[in-house]
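Structural characterization, general
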Amino acid sequence: MADLSISGEYLDSLRSQFTALAAFTSTEDDAAVDHSSCGSDLVATAGNQTATLQLSRASIASLNAMALSEHAGTTSVEIAALDASLAKAAGDK
Amino acid sequence: MTIVNPSPFTLGYDVPDPGKGDTAHLRAIATSRTTNAGRVGDAIALISTITGDLPSHWTGYAASMNLNATQALVPDLTVLKASYEKHAEALTTYATEVERIRDAAAPQAAAYTSASDDIVGWRSQRDYIEVGYPTPREYTPIIGAPPGLYEEADWERAVALDGYIDEAEATMATAKAALEALVADRAAADKTCADALSSSEARGPFSTVESSDGLSQKEILDLLDGMSPTEATLYLNSHPDLLNALADGNPDNADAIAKLWTSLGAGGTEVAKDHPDVVGNLEGASSFDRGIANKIVLDRELASAQRGLDSATTPADKERFRTRLETLNNIVDSLGAGMTAKPPRSLHSLDTSGQVLASVVYGDLDNADHASYNVPGMNTNVHDSMTNWGKDSKRFYDEQVNLLIADGMDAAEAQKQVAVVSWIGYDTPNPLTVGSPIQAIIGAEKLQASIEGTTAQRDIHNPSGTLGVVAHSYGSTTAMAALSKDMDVDTLVTYGSAGEIIGSHPELNDGWYQTESPDDPWAKIGQITGGRPSPALDPSSQSLDSQSGYWENPSTHKLEYVESAHTHSGYMVKDTASLHNMAAVTIGKPELISTPVGPALAPGPLGSSPNDGAL
């Protein structure tokens, strides 16, 4: 029940922080990091592979941040529902 | 990413251009890496703020989970930041060196070109002089020659031109040697940069793991288990042979795949995107990620079929590609708005290797409290039936949700707690083959595999949830054969069954129900044609009423009426007893089953289904 000490307002704020976090690691266009014109096959291959890995890492980080936002959002909904339920119970008395 | 071959050197000999390449673009990439590193740094700082503030606002289990998960982001982000920084450093250093080489090469190339041009001109002049090659060391007049043919002035000019040519050739040689030295410098710079870009600092910890060649499945899983989720994801993505090895053991290793997939977390989505052909039908992988993978494959197949149609020259080819496009587009239609639809829909399986097979999930298959398969019978295929089979399945989903709501569950929660697989996952028989058990036996193996994957995921995410199978006509023959092996399925409902293959007695946790309308001739025909007894004759099955009746709504405590199901394809029609009762038992609420009323109260047919006549 300790979770209920949290306000829906804080969870909304937390959710927006996670959304901002996801935006920090949002992925980019492949073409922007294409090394093919560098003049060396060796460098182009290594550079493109590293860029691909960075895209994957950024994507995973972004998805994780969004999942945390969703978790905070879900909790917010649950708390709102519980608040409504408690209010209704109080009104019924 | 495509590697474009660099442009050839333009000086007319075989020394490559040591300064080639677009260094401005390299610097632009380096700048973007630096910017990204800064953004990730900001993200790490934000995490510090979040984790610092959170405990004073929120405590308890959910808070701890959120806090731990938030803190767990930092190591990955730290690796990503270091990668960006190393990348930027390597490219900046490289661009600087390439530009130095380019600057040094330019005058050498100019000298080489100039000397080369001079030689051409001097040789041309020398060729006009009537002095043979090589030029004699001393002038010797030709005795008896006419005046002006070979005079001393000509000889002197030939000697001078020879000297100019020798000097220019020396210049060319010097320039070439300098250029070759710069080419060596460039090769060294290339290697240094590539090494930096391939270093563990740029690639991350997974890149230091030794080769995994020849590992057994268990060793592969142990290896991945020893890495962080992100590193395991990247390792798996960069070693497709490992993924293929795991797929080879599927579905027997579905439990291990499910465990791996759960540990990968968001990384599983990355693997799905990078290897959609494997992940799409990998039993044990999350249904969400399989949906992403199969959508990628579907889009690719659609594009391929469209290209085929566009380039087809014969009527037969055009018809073939048109049919394939129609088939694939039926899947697109069934998916509708996909994960943004209500309920969310995803392409759980897709097999385009022969006749297209596919299954669409309504709801969250891995997590819902109550998951069910809807298995079709004769003449059901993706081309002709995907949309309507999906509609039946969605109607079944809706009925289950409605009953959960009637039982007191919040509407939003009820929608989350139901999932239905509209499963056209086997090659169903036609009227000529429906008497044979072969396609049921083959289909049973496929259904077993699918259930194994689903169960593996659900055992992790919702082990107390229920799994049901509702199966129509010949689909029930298939389902009974599949469930004759204990698949940990809770409930089976056969409706309008085409009969049970003798010996394929299903094993269920909770119950086996069967329902058959009195005015359903096709079920009987299927049973007789195949020599398969009706499941009603099996004492293990319980009869589930398909005739009109009443059930008590636990929310309102009022009796609610359900209609009789009619014909072979009326079982999933809205407001019928069959739909209602199948929904009730598959959500574990047999107390909601309707009680029949007399035939005199039963209404007429409620309408026909597009699948009318399917066995």
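None of the values given here were measured: they were computed from a predicted structure.

1. A word on the packing of aromatic side chains
Residue and element names in this part refer to chain B. Evaluated as defined, the whole model comprises four aromatic pairs over all chains. A ring pair is formed by Tyr 495 and Tyr 571, whose centres lie 5.6 Å apart and whose planes are at 65 degrees; its orientation type is edge-to-face. Note that Tyr 495 is positioned in strand E6 (residues 491-495) and Tyr 571 in the loop between strand E10 (558-562) and helix H19 (577-586), a separation of 76 residues in sequence. Here the two residues Tyr 495 and Tyr 571 agree in accessibility, since each one is buried. The ring of Tyr 133 carries the charged tip of Arg 126 above its face, separated from the ring centre by 4.1 Å. For the cation-ring pair, Arg 320 lies above Phe 321, with the distance from its terminal atom to the ring centre recorded as 4.5 Å.

2. Considerations on the pairing of strand E3 (residues 370-375) of chain B
Residues and elements named next belong to chain B. In terms of residue burial, E3 counts as a mostly covered element, since six of its six residues are buried. Residue alternation in E3 divides its side chains into two sets, His 370, Ser 372 and Asn 374 and Ala 371, Tyr 373 and Val 375, and both sets are buried. Relative to strand E4 (residues 418-424), E3 runs parallel, the two sharing five bridges. Its bridge partner being in E4, Ser 372 is matched across the sheet by Val 420. Sheet analysis places E3 next to strand E5 (residues 466-472), joined by six bridges and oriented parallel. In the sheet register, Ala 371 faces E5, and the bridge partner there is Leu 467.

3. A word on the pattern of salt bridges
Two side chains carrying opposite charge are able to pair once their charged atoms lie near each other. Residues and elements named next belong to chain B. Per the counting criterion, the structure on display carries 27 salt bridges over all chains. Between Asp 317 and Arg 320 there is a salt bridge whose closest N-O contact spans 3.2 Å. Remark: Arg 320 and Asp 317 occur in helix H13 (residues 315-335); sequence separation between them is three residues, near one turn of the helix. Across the salt bridge formed by Glu 516 and Lys 524, the nearest N and O atoms sit 2.2 Å from each other. Its relative accessible area of 43% is what places Lys 524 among the partly exposed residues. Each of the salt bridges in this network shares a partner with another, and the network as a whole consists of Asp 277, Arg 300, Glu 301 and Arg 324.

4. A look at the domain arrangement of chain B
Residue and element names in this part refer to chain B. Each assigned domain of chain B is listed here: domain 1 (23-203), domain 2 (206-278) and domain 3 (333-601). Using only C-alpha atoms to locate each centre, domain 2 and domain 3 end up separated by 33 Å. Taken together, the eight residues of domain 2 in the interface contact seven residues of domain 3. Our enumeration of links across domain 2 and domain 3 arrives at zero residue pairs in polar contact (both at pLDDT 80 or more). Along the lines of polarity and charge, the residues of the side of domain 2 that touches domain 3 split into four nonpolar, one polar and three charged.

5. With respect to the side chain of Glu 301 of chain B
Its place among the elements puts Glu 301 of chain B in helix H12 (residues 287-311). With a relative accessible area of 14%, Glu 301 of chain B lands in the buried category.

6. Remarks on the sheet that holds strand E11 (residues 595-596) of chain B
All names here are of chain B. Taken together, the three strands give an open sheet; going across it, the order is E10-E9-E11, and neighbouring strands pair in antiparallel fashion. Edge positions in the sheet fall to E10 and E11, since each of these pairs with one other strand and no more. Taken together, the five bridges between strand E9 (residues 549-553) and E10 define a ladder with antiparallel strand orientation. Each bridged residue has a counterpart across the sheet, and for Gly 549 the counterpart in E10 is Val 562.

What counts and how
- Residue numbers restart at each chain and count upward from 1, following the sequence in its written direction.
- Each chain gets a letter, beginning with A, and each ligand a number, beginning with 1, in the order they are written.
- The model is predicted, so local features are restricted to residues of pLDDT at least 70 and side-chain atom pairs to those at 80 or more, both for listing and for counting; the totals for chains, interfaces and linings are taken over all residues.
- Note that water and hydrogens are dropped before the side-chain values are worked out from all heavy atoms of the structure.
- Aromatic pairing here means that ring centres of Phe, Tyr or Trp (its six-membered ring) are within 6.5 Å. Orientation follows from the plane angle: under 30 degrees is stacked, over 60 is edge-to-face, and everything else is tilted.
- Going along the chain from the N terminus, every DSSP run of H or I of four or more residues is numbered as a helix, and every run of E of two or more is numbered as a strand.
- For the exposure calls, accessible area comes from a 1.4 Å probe over protein chains only, and a residue counts as buried if that area is under 20% of its type's maximum, exposed if over 50%, partly exposed in between.
- Remark: a charge is flagged as sitting over a ring if the NZ atom of Lys or the CZ atom of Arg is within 6 Å of the ring centre and within 35 degrees of the ring normal.
- For two strands to be treated as a pair, DSSP must find no fewer than two bridges joining them.
- Put simply, a salt bridge is a Lys or Arg side-chain nitrogen that is within 4 Å of an Asp or Glu carboxyl oxygen.
- Boundary definitions for the domains trace back to an automatic or database domain assignment.
- We call two residues contacting when some pair of their heavy atoms lies within 4.5 Å.
- N or O atoms closer than or at 3.5 Å make up a polar contact, with two conditions inside protein: a donor-capable atom paired with an acceptor-capable one, and, for residues adjacent in sequence, both atoms drawn from side chains.
- Charged means Asp, Glu, Lys or Arg here, nonpolar means Ala, Val, Leu, Ile, Met, Phe, Trp, Tyr, Cys or Pro, and polar covers whatever is left, Gly included.

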